[in-house]
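Topology and contacts: notes
Here is how the chains run, residue by residue.
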Number of protein chains: 2
Amino acid sequence: VCGYPKIGRILRLDSGLTELFEHPVHAEEKVDGYNVRVFRHGEDLIALTRRGYVCPFTTDRLPDLIDTSIFARRPDLVLCMEVAGPENPYNAVAPPYVKEDVAAFVFDIMRIGHSGFLPRAERLALVEKHDLPGVPQYGGFALTETARLYDLIRELDRKGHEGVVLKQDQVETVRAKYVTGRINLSDIRCTSNAVHQLPPEYYTERILRLALYLDETGEKPTDALYRQLGSALLDGILAAIDQYRREGAVTHPHRCRFRDKANAELMVASMKRLLGKNLMQVTRLEQQGDYWLLEFEKVLPKTTGLLRNLLRGGLVYD
Amino acid sequence: VCGYPKIGRILRLDSGLTELFEHPVHAEEKVDGYNVRVFRHGEDLIALTRRGYVCPFTTDRLPDLIDTSIFARRPDLVLCMEVAGPENPYNAVAPPYVKEDVAAFVFDIMRIGHSGFLPRAERLALVEKHDLPGVPQYGGFALTETARLYDLIRELDRKGHEGVVLKQDQVETVRAKYVTGRINLSDIRCTSNAVHQLPPEYYTERILRLALYLDETGEKPTDALYRQLGSALLDGILAAIDQYRREGAVTHPHRCRFRDKANAELMVASMKRLLGKNLMQVTRLEQQGDYWLLEFEKVLPKTTGLLRNLLRGGLVYD
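Notes on the structure follow. (Residues numbered from 1 in each chain as written. Chains lettered and ligands numbered in written order. Predicted model: local features only at pLDDT ≥ 70, side-chain atom pairs only at ≥ 80, totals over all residues. Heavy atoms only, no water.)

Details of the overall build of chain A
- Looking only at helices and strands, one finds ten helices and 13 strands in chain A.
- At 21 Å, chain A has a C-alpha radius of gyration in line with the 20 Å of a compact globule built from 318 residues.
- Across its three principal directions, the C-alpha atoms of chain A cover 60 × 55 × 35 Å.
- A burial count over chain A gives 54% of its 318 residues as buried.
- Considering only residue pairs separated by 6 or more positions, chain A has 70% of its internal contacts joining residues 24 or more positions apart.
- Element-wise, carbon and sulfur atoms account for 50% of the exposed surface of chain A, whose accessible area totals about 13,800 Å².
- One way to put it: in chain A the 43 positive side-chain charges average out to a point 4 Å from where the 44 negative ones average out. (Helix = DSSP H or I, 4+ residues; strand = E, 2+ residues; numbered from the N terminus. Rg over C-alpha atoms; globule rule 2.2 N^0.38 Å. Buried < 20%, exposed > 50% of the residue type's maximum accessible area, 1.4 Å probe, protein only. Contact = heavy atoms within 4.5 Å. Areas by Shrake-Rupley, 256 points an atom, 1.4 Å probe, with all protein chains shown as cover. Lys, Arg positive; Asp, Glu negative; His and termini not counted. Charge placed at Lys NZ, Arg CZ, Asp CG, Glu CD.)

Now the structure itself:
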């Protein structure tokens, strides 16, 4: 199973469309979750994370996420999908249209042993035929129709969506991500307690994207927007300081449900192996209805170490 | 002449004082300018920048900045001083107490051929005796007197000062910088148009320092503060985009006065050599009263290149 390639980002629609594309583009929802590739291996279905590890959580929940019967007829396929929602083991954010648990959104299909994707029309036909949850489609846009595309983006911005991926009908051609202005604010708000855990450009890039978005859409920054940005940056750090002082560590809580207890235990074991034994603390694993509920906290080691040094009055050189 | 060593920074006074120091500390104004070392070489007086280059500007203006007769009696001395003010060739910021041109503030004295500084008492006596402009002194503090030190810091914060350097009487012992909360906002505001020119941690570190300052002083972040932070970050980037669109480059303007035209020309030549010929554009060099007025613009090459790529619709990978 080939890796999922990186998709580039444009920060301007006005010039970006004609600069990058030759044919009309289709705008598809960019779902704010984590990327998995799902395929059949012998009798089993397996979900791989972006980095190529088996994800015990997604693998466990596949029957809830998609109609898996497609693999009986087409065992050669690899479904590329985004899994998003408040109850997942990886992300702190969730799109507004997934209110609970998680949901899957198929955005590409590959074949085992082949690099590259099926043509867009073929993917959409398979999604339709097998009743798969495809990513929302926002229609086609000629390269001159930037005004109509802005209207879409402004609407997504208002609704709190992340943005779109622009694709062409042709296989193996360029694609590009384009995100809304406000998703940058919510990304910053959700991660600002992870000081030094994320690279500093995580924040500066998003502030730059927000500025380019305002410039491009002609929106003037309002006092409310300034306040949202300032508070998105500061509140998380202040919360991290508070948490460190109370608990001696800065952590992110996660909560997710499994069908099979063994998979929850596998998830715990694999995260402990990946993150380090002491950096993941299970706070709850118990049966709830048909599911096993797992709650755990991920320790942010760099944030915790930084605050330990700073609050102790340590010297820093810069 | 030895280099001026790096001084570490503490982000907390409460724990930092007792963690670092053994004896009472003296708080001295931390002047927000550029650091030079001034000494006599044959018949000439020379000012070296932090990096060890001759600064034609400071060298030219020495008779305006200090009473240079000290070097006739003490040719062995090296004056370490901060030069600050709105009309300087390096910094965009100036402390509120230097309203025009530049002024010098002596904060340490070394001897030629010796590393390390003269004891604090000896330095203050020399400053007094030779009528030198010393850095403002805010008195001594026992290591338990953090409350009194906070009062000072809050007052400096209100007045827009950068902060203090804490020193002990003993030579060669540890020193530490501590800055006010609001200087972080003004640093960010003054530099946010230099996107990608400064490292991203320039901004994230200052936001972190601001948060630690709020936490330590017990100030709750207000809407006004959030707004100031958001606007400090966004306005500069928007201004850079505007300037790039108008002028095809993002630049910082500088203006400074020289006694001697030859030194102004030397300054231009040396900056062109350091920055690159095309990255410094002289816009004015003319006599004004007793001085030669030099105005020039420094091009920010990374900011300009970044905006060129982004506004053209270029793809970026992150």
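Looking at the pairing of strand S6 (residues 103–111) of chain A
All names here are of chain A.
- For S6, the buried fraction is high: seven of the nine residues fall into the buried class.
- Pairing of strand S5 (residues 77–84) with S6 involves eight bridges; the strand directions are antiparallel. Looking across to S6, one finds that Leu77 is bridged to Arg111. (Pairing = 2+ DSSP bridges.)

A look at the relation of the copies chain A and chain B
- When chain A is fitted onto chain B, the two copies agree to an RMSD of 0.0 Å after a turn of 180° and an axial shift of 0.0 Å. On the angle and the small slide along the axis, the relation comes out as a two-fold axis.
- Taken as a fraction of all interface residues of chain A, those also at the interface in chain B reach 100%, which identifies the copy contact as same-surface. (Least-squares fit on C-alpha atoms with pLDDT ≥ 70 in both.)

Quick notes on the state of the cysteines
Residues and elements named next belong to chain A.
- Inspection of every chain in the model, using the stated rule, returns zero disulfides over all chains.
- Among the cysteines around Cys190, which has no disulfide bond, Cys256 carries the closest sulfur, lying 17 Å off.
- Classification of Cys190 as partly exposed rests on a relative accessible area of 28%.
- With no disulfide of its own, Cys256 lies closest to Cys55 among cysteine sulfurs, the gap being 8.5 Å. (Disulfide = S-S within 2.5 Å.)

Side note on the interface of chain A and chain B
- Across the boundary between the two partners, chain A contributes 56 residues, which contact 56 residues of chain B.
- Here chain A and chain B share an interface that buries about 4,600 Å² over both sides, 69% of which is from carbon and sulfur atoms.
- Together, Tyr226, Leu234 and Asp318 of chain A form the three largest contributors to the area buried by chain A at its contact with chain B, with a combined 14%.
- Between the two partners, chain A and chain B, sit six salt bridges. (Buried area = accessible area lost by both parts, 1.4 Å probe. Salt bridge = Lys/Arg side-chain N within 4 Å of Asp/Glu carboxyl O.)

Some words on helix H4 (residues 120–129) of chain A
Residues and elements named next belong to chain A.
- Those residues of H4 that sit buried are Arg120, Arg123, Leu126 and Val127. In an axial view of H4, the angular spread of the buried residues amounts to 130°, which keeps them on one side of the axis. In H4, those exposed residues whose orientation departs by more than 90 degrees from the buried face are Ala121, Glu128 and Lys129.
- In this structure, the buried side of H4 is in contact with strand S2 (25–29), S5, S6, strand S7 (137–141) and strand S8 (163–167).
- Asp131, located one to two residues past H4, shows a positive phi value of around 55°. (Arc of directions from axis to C-beta.)

As for the sheet that holds strand S10 (residues 251–258) of chain A
Residues and elements named next belong to chain A.
- The strand order across the open sheet built from three strands is S10-S12-S11, with neighbouring strands paired in antiparallel fashion. Among the strands making up the open sheet, the edge pair consists of S10 and strand S11 (280–288). For this sheet the average axis-to-axis angle between neighbouring strands, irrespective of direction, equals 15°.
- Relative to strand S12 (residues 291–299), S11 is paired through eight bridges, and the arrangement is antiparallel. Counted as the bridge partner of Arg284 is Glu295 from S12.
- Its contacts with the sheet place helix H9 (residues 261–275) against S10, S11 and S12, and it is angled at close to 175° to S11. (Axes fitted to C-alpha atoms, helices over the stretch in contact; angles between N-to-C directions.)

Concerning a nonpolar patch on the surface
Residue and element names in this part refer to chain A.
- A cluster of nonpolar side chains, namely Tyr53, Leu274 and Leu275, defines an oily patch on the protein surface of about 270 Å² accessible area.
- Mapped onto the fold, Leu275 is located in helix H9.
- Since its relative accessible area comes to 35%, Leu275 is described here as partly exposed. (Patch = residues over 30% accessible without salt bridge, like charges linked within 9 Å, V, L, I, M, F, W, Y side chains within 5 Å.)

Observations concerning the packing of aromatic side chains
- A full pass over the atoms with the stated rule returns twelve aromatic pairs over all chains.
- Aromatic side chains Tyr97 of chain A and Phe105 of chain A sit 5.7 Å apart centroid to centroid with 85° between the ring planes, which places their arrangement in the edge-to-face category.
- Residue class for Phe105 of chain A comes out buried when judged on its relative accessible area of 11%.
- Among the aromatic residues, ring-to-ring pairing joins Tyr4, Phe107 and Phe117 of chain A into one connected group.
- Of note, Arg257 of chain B hangs over the ring of Tyr291 of chain B, and the distance from its end group to the ring centre comes to 5.8 Å. (Phe/Tyr/Trp six-rings, centres within 6.5 Å; stacked < 30°, edge-to-face > 60°. Lys NZ or Arg CZ within 6 Å of the ring centre and 35° of its normal.)

Focus on the side chain of Glu295 of chain A
Residues and elements named next belong to chain A.
- Secondary-structure assignment places Glu295 in strand S12.
- Among the polar contacts listed, one links the side chain of Glu295 to the side chain of Arg255, at a separation of 2.7 Å.
- With sequence-adjacent residues up to four places away left out, Glu295 is seen in contact with His254, Arg255, Gln281, Val282, Thr283 and Arg284. (Polar contact = N/O pair within 3.5 Å; in protein donor to acceptor, adjacent residues only side chain to side chain.)

Let's talk about the pattern of salt bridges
All names here are of chain B.
- Under the criterion given, the structure shown has 66 salt bridges over all chains.
- For the salt bridge of Lys167 with Asp108, the shortest nitrogen-to-oxygen distance reads 3.5 Å. Of this pair, Lys167 sits in strand S8 (residues 163–167) while Asp108 sits in strand S6 (residues 103–111), and the two are 59 residues apart along the sequence.
- The closest approach of N and O atoms between Arg245 and Asp242, which form a salt bridge, is 3.7 Å. Pair noted here: Arg245 and Asp242 are both in helix H8 (residues 223–247), with a separation of three residues, about one helical turn.
- Of the residues examined, Asp242 reaches a relative accessible area of 38% and is grouped as partly exposed.

These figures capture arrangement, not role.
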